[in-house]
Amino acid sequence: MGVTSKILVVDDDPYILMSLEFLMRKSGFEVMIARNGTEALQLLDSHNPSVVLLDIMMPDVDGYAICKFIKSTEKHKLCKVVFLSAKSKEADIQKGYDLGADLYITKPFANKDLVNKIKTMIV
Amino acid sequence: MSSWIVIVCGLLYLVLLFAVAYFAEYKLKKGKSLINNPYVYALSLCVYCTAWTYYGSVGRAATEGIDFLGIYIGPTLAAALFFPVLSKIIQITKAQRINSIADFISTRYGKNISIASVISVVCIIAVIPYIALQIKAIAISLNVLTANTLAENSVIYITLVLAVFIVIFGTRSVDASEKHEGMVAAVAFESVVKLVAFVAAGIFVTYGAFNGFTDVFEQAAAKTDLRKLFTLNGENVYMSWFTIIILSMSAVLFLPRQFQVGVIENVSEKHLKKAVWLFPLYLLFINVFVLPIAFGGKLLLPATTDADTFVLAIPLFFKHDVLSLLVFIGGLSAATSMIIVETIALSTMVSNNLVMPILFSQHAFVSGVDQSIRKLILYIRRFSIILILLIALLFDVFIAQYFSLVSIGLISFAGIAQLAPSILGGIYWKSASKTGALVGIIIGFTVWFYTMIVPALANTQLINASILINGPFGISWLNPTALFGLKGFDSITHGLIWSILLNVAAFFWISLYTKLSAQEVIQAELFVDISKYNVPEQSLIWRGTAYMPKLHKLLANFIGQARAQNLINNYANRHKIDLEKQGNADPLMVNFVERILAGVIGSASARIMVSTVTKEEEISLKEVFKMLHESQQFIELNKELRKKSLELTKASEQLKEAYSQLKKMDEAKDEFLYTVTHELRTPLTSIRSLSEIVHDNTDLDEEERQKFLKAVVTETERLSHLITQVLNLEKYENGRQQLHLSSFDFVKFTEETIASFAILAKENGVDFKLNMPNSMLLIRADKDLLQQVMVNLIGNAMKFTKTGDCIEVHVVEDTEQLEVTVSDTGKGIPLEWQPFIFDKFFQAKNQTTKKPLGTGLGLAICKRIIEMHGGSIVVKSEPEKGARFTFTIPTFA
């Protein structure tokens, strides 16, 4: 893992963002925060992060659409996508993987578990 | 006009008639029936309008005024009876394969041959003069048109051509209960021709010779002798009018030709629906011009002109040859259509009820019946047709001159009216007996003959005229014109009163005191309760032994081997009868063969024929009643079963409905649960994650620790608020929440509610604008629940109102209703969302908007609470202009 891998955290709930920001920074990521799809797309373009933590149900553009965009854009072909969603139905999870997601973690999550999974993924 | 033109046109018209009839039968062979059509059916009924109508109405109008209308008012009234009476007769006729009115009555009274013969005689005597009248009308019209230059016997040739037509199209099939396709089509065609011709003459007189109706009527009213024609005149005139109406009512139903086209030739009972109004409409059209033509003739033509010929004489007077010919053809069509149908109906009766019974009563004949019988029957019918026309011609030449045109028609009507009691009684009264009917008809008909025919004969000196003054043998109360001393009525009314009175009295009195035979009881049941027995198999009462090959051979003799084979096989298939089985034939089959034979030779003769090949056992009256009772029970059971199965179908449909409803509700509940868990997970996620952070990171600085813990507290509150709301909503929705009603002042209540927002309002920099009555506003409602509504609405408004703006709250009382409006100045709600914003979790599911703070249940709860109070809540909003929520509740819920 690079010294400062960039991670983009996208969620519309301020408190979840609060904890994710803390956790990721502590794990050594350079953290960027987006509160909605539009912000996420802007940050993706300007910072080209290597990991995106993505909520699904969001105002404006939803998580699925962002994932699809990342996976179909040459510039982001190395970018890993991790869905972090309260949607726990089999169909929703499958849809995430079908769109090319690398991981799908359901809310609520255990901090250690989340951090481990992300770290393992990018090694 | 030159006589050969007239003759050629007349013959050409008859050729056209042949063509129409052939065309109809050709179409039928190709599989399309022209007469299976309500309009054709209605037009065929108009055979009622004969030459008597065509020429005679004008003649009568010119002498008696509007009196002539009675003959059309009767049928118009009778049309109202088509449904109860005619449709019942049609059903019975179809079920029993009846082929004439005599057959109908004899079938009803136990398939009795003597009654069939008597009625046939009645019909022949009553109707042949009427046929002669038509021939006379043709002859008169020919004379008028050719100014008497035509040979005397020209009418004989026309009758001869008609005879050929009737023989060809009237005896197509040996089965008289079958439809005469070509004949009916031709008759319907003739109805059109006579209407067109008469109306053309009427228009010519009214608008050609005069300047419209007003002109004719004004000129007529100016003359004293014509003015009286606008009203009914004479002694006891209303009574004679009433007589005419009653007579024509019975005539339109029971005249042999009307029975033929209306019942025997009826293809579908449904056709009655159109005939009920089309037939009276036709009568109306053909009568519109009667008075103008009558007045026109009186005003224009020399006084010596016979009023019966006005229709023809006026166009001739104006030397309008084409119209004169058209009118002549119209009259010809009226006469010929009547002659055709009446002759066919009578010939069936003569052959089936007079000739054949004599043959069948000869044992030697019956035992010698073979294939040739079919030819014989057809020859008998053809011979009857020629004979009937011949008698009519003879009557026309030798006797008709002694009767007036009008009286022949009405006398004929009165003769046929003698059948009415036994027909109507027969289809509505189970106790009506054969003897009652027979004696009634014989008495009625005798009195008819004595009071209507004898005086005419006396006038002609054929019998001693002193009978009219002193009565027969000097017995004055037997005077045929004043029977039992009844005076003051015209001869028709006088005769009708006595004949019908004695007829009905005999019919009822004898019926009441005679014991019915088994056969009569069965037939009475089948006729009166036809709606129960429209499937003939359900009504089978027969016991005996029959040998199938013999039955088969019998049927084959009458209708041909191929057809018999076909019918028997089909019937056996339909009723699961094993034809291979040796020995006795199935009773169903015996009954079926008898019914088919009845169509050919009439029910009475058919019964005789079937009895020659079967051994019928006597069934006692007691047994008949028992069997009827059983078949009744069977029918009832069937009905019951059908009803039950219908109920079952309905129930299963209801279950299906309920199931799909439940499924939908179940799906909605799943969805709700999923959304609720999803909504719970969000605060849960941050609570868990943040507390883990605090737990795992002991080195957090105080400020950060406080921040995280405060977030945990906030999210916990959100969680518990959400849970409360979910539980509340669930409670309101399943109706477990009861309203705790109390009376309170809504103004004060609102003020208090708003006060509770004071701090928040100050923080957000938002003002309140209140608009409420100054006085107290007492209402009765659940205060706690209403508070939830107000808090939700104001809370929502607060979320969307920018700093510096204000929230408006309006409270209005209006006729026992309270109307509360909360409006904000926020960004509003898009139109397409407005129908859904009261749905649960609408905002949660609709993820393209910025998630406002809240649970997504607030408005759903508000709606529920308002509805529980019997009120309603609506939203009005335009984007960027804020939203206005208005709820209305009764002030005293």
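All figures in this text were calculated on a predicted structure; none of them were measured in a lab.

> Which residues make up the sheet that holds strand β8 (residues 872-877) of chain B, and what values go with them?
All names here are of chain B. Taken in spatial order, the 5 strands of this open sheet run β4-β6-β7-β9-β8, and their pairing is mixed. Of all the strands in the sheet, just β4 (767-771) and β8 have a single pairing partner and so form its edges. Pairs of neighbouring strands in the sheet enclose a mean axial angle of 15°, with direction left out of account. Pairing of strand β7 (residues 817-823) with strand β9 (residues 883-890), which is carried by 7 bridges, proceeds in the antiparallel orientation. Residue S823 lies in a different strand from β9, and its bridge partner there is R884. Relative to the sheet, helix α32 (residues 746-755) contacts β4, β6 (806-814), β7 and β9, its axis offset from that of β6 by approximately 165°.

> Describe the packing of aromatic side chains, with residues and values.
Aromatic rings in a pair are described by how distant their centres are and how their planes are angled relative to each other. Residue and element names in this part refer to chain B. Inspection of the entire model under this criterion finds 31 aromatic pairs over all chains. Between Y48 and F413 the ring centres are 6.2 Å apart and the planes differ by 35°, which places this aromatic pair in the tilted class. Of the two residues, Y48 sits in the loop between α2 (38-45) and α3 (51-64) while F413 sits in helix α20 (residues 405-417), which places them 365 residues apart along the sequence. For the pair Y48 and F413, one class covers both residues: buried.

> Explain helix α28 (residues 587-601) of chain B residue by residue, including any values.
Residue and element names in this part refer to chain B. The first and last C-alpha atoms of α28 sit 21 Å apart over 15 residues, in line with the 21 Å expected at 1.5 Å per residue. Of all 15 residues in α28, 13 are buried; the element is thus mostly enclosed. Where α28 terminates, the next one or two residues include G602, which has phi positive at roughly 90°.

> Describe in detail the packing of α28 of chain B against helix α29 (residues 603-613) of chain B, supporting the description with residues and values.
How two helices pack is summed up by the angle between their axes together with the distance between the axes. Residue and element names in this part refer to chain B. Running from N to C, α28 and α29 cross one another at 135°; their axes reach a closest spacing of 7 Å. Taken together, the axes of α28 and α29 lie oblique to each other. Between α28 and α29 the crossing geometry is right-handed. Together, V590, E594, L597, A598 and I601 of α28 and S603, S605, A606, R607, M609 and V610 of α29 make up the contact between the two elements. Among the residues making up the contact of α28 with α29, the classes are represented as 7 nonpolar, 2 polar and 2 charged.

> Residue-level account of the interface of chain B and chain A, with values.
The partner chain A presents 24 residues to the 28 residues of chain B that form the contact. Contact between chain B and chain A buries roughly 2400 Å² in total, counting both sides, with carbon and sulfur atoms accounting for 61%. Summed over the shared surface of chain B and chain A, the number is 1 salt bridge. The salt bridge involving R718 of chain B is made with D13 of chain A; its shortest N-O contact spans 3.1 Å. The tally of links between chain B and chain A comes to 8 residue pairs in polar contact (both at pLDDT 80 or more). Elements that contribute at least two residues to the side of chain B that touches chain A include exactly α30 (621-696) and α31 (702-733) of chain B. It is α30 of chain B that provides the largest number of residues to the side of chain B that touches chain A, a total of 13 residues. For the side of chain B that touches chain A, the class distribution of residues is 8 nonpolar, 10 polar and 10 charged.

> Requested: an account of the side chain of Q523 of chain B, with residues and values cited.
Residues and elements named next belong to chain B. Locating Q523 in the fold gives a position in helix α25 (residues 518-528). Reaching out from Q523, the side chain makes a polar contact with the side chain of Q96 at a distance of 3.4 Å. Apart from residues no more than four positions distant in its own chain, Q523 is found in contact with Q96, T107, R108, G110 and K111.

> Kindly report on the nonpolar core, identifying the contributing residues and their values.
Residue and element names in this part refer to chain B. Ranked by size, the top nonpolar core spans 169 residues in total, and within it Y48, F104 and I293 carry the most contacts. For this core, the element with the highest residue contribution is helix α7 (residues 113-146), accounting for 18 residues. Apart from residues no more than four positions distant in its own chain, F104 is found in contact with I89, I92, T93, I98, F259, I423, I427 and F527. Judged by nonpolar contacts, the second largest core, of 50 residues, contains F672, F744, V809 and L859.

> Describe the state of the cysteines, and please don't skip the residues or the numbers.
Counted under the stated rule, the structure contains 0 disulfides over all chains. Cysteine C49 of chain B remains unbridged, with the sulfur of C46 of chain B as its closest cysteine sulfur at 5.9 Å.

> Quick one: what's the story with the side chain of S5 of chain A, residue by residue and with numbers?
Along the chain, the position of S5 of chain A falls in the segment before β1 (6-10). For S5 of chain A, the residues in contact, after removing those within four places along its chain, are F29, E30 and S50 of chain A.

> Hey, could you go over the sheet that holds strand β3 (residues 51-54) of chain A for me, with residue numbers and the actual values?
Residue and element names in this part refer to chain A. Pairing is parallel in the open sheet, where 5 strands are placed in the order β2-β1-β3-β4-β5. Each edge of the open sheet carries a strand with a single partner, namely β2 (30-34) and β5 (103-106). The sheet shows a mean angle of 20° between the axes of neighbouring strands, taken without regard to direction. Where β1 meets β3, 4 bridges bridge the pair, whose relative direction is parallel. Each residue of the ladder has a partner; that of V9, found in β3, is L53. On top of the sheet, helix α3 (residues 63-71) reaches β3, β4 (80-85) and β5; it is set at about 175° to β4, its chief contact.

> Give me the lowdown on the pattern of salt bridges, citing residues and values where you can.
Residues and elements named next belong to chain A. In total, this model carries 19 salt bridges over all chains according to the counting rule given. Across the salt bridge formed by D45 and K75, the nearest N and O atoms sit 2.9 Å from each other. Of the two residues, D45 is situated in helix α2 (residues 37-47) and K75 in the loop between α3 and β4; the sequence distance between them amounts to 30 residues. Connected through shared salt-bridge partners, D11, D55 and K107 make up one network.

Here is what the cut-offs are and how they apply
Residues numbered from 1 in each chain as written. Chains lettered and ligands numbered in written order. Predicted model: local features only at pLDDT ≥ 70, side-chain atom pairs only at ≥ 80, totals over all residues. Heavy atoms only, no water. Pairing = 2+ DSSP bridges. Helix = DSSP H or I, 4+ residues; strand = E, 2+ residues; numbered from the N terminus. Axes fitted to C-alpha atoms, helices over the stretch in contact; angles between N-to-C directions. Contact = heavy atoms within 4.5 Å. Phe/Tyr/Trp six-rings, centres within 6.5 Å; stacked < 30°, edge-to-face > 60°. Buried < 20%, exposed > 50% of the residue type's maximum accessible area, 1.4 Å probe, protein only. Expected span 1.5 Å × (residues − 1). Parallel < 35°, antiparallel > 145°, perpendicular 65-115°, else oblique. Left-handed = near helix turned anticlockwise from the far one by under 90°. Nonpolar A, V, L, I, M, F, W, Y, C, P; charged D, E, K, R; others polar. Buried area = accessible area lost by both parts, 1.4 Å probe. Salt bridge = Lys/Arg side-chain N within 4 Å of Asp/Glu carboxyl O. Polar contact = N/O pair within 3.5 Å; in protein donor to acceptor, adjacent residues only side chain to side chain. Core = buried A, V, L, I, M, F, W, Y, C linked by side-chain atoms within 4.5 Å. Disulfide = S-S within 2.5 Å.

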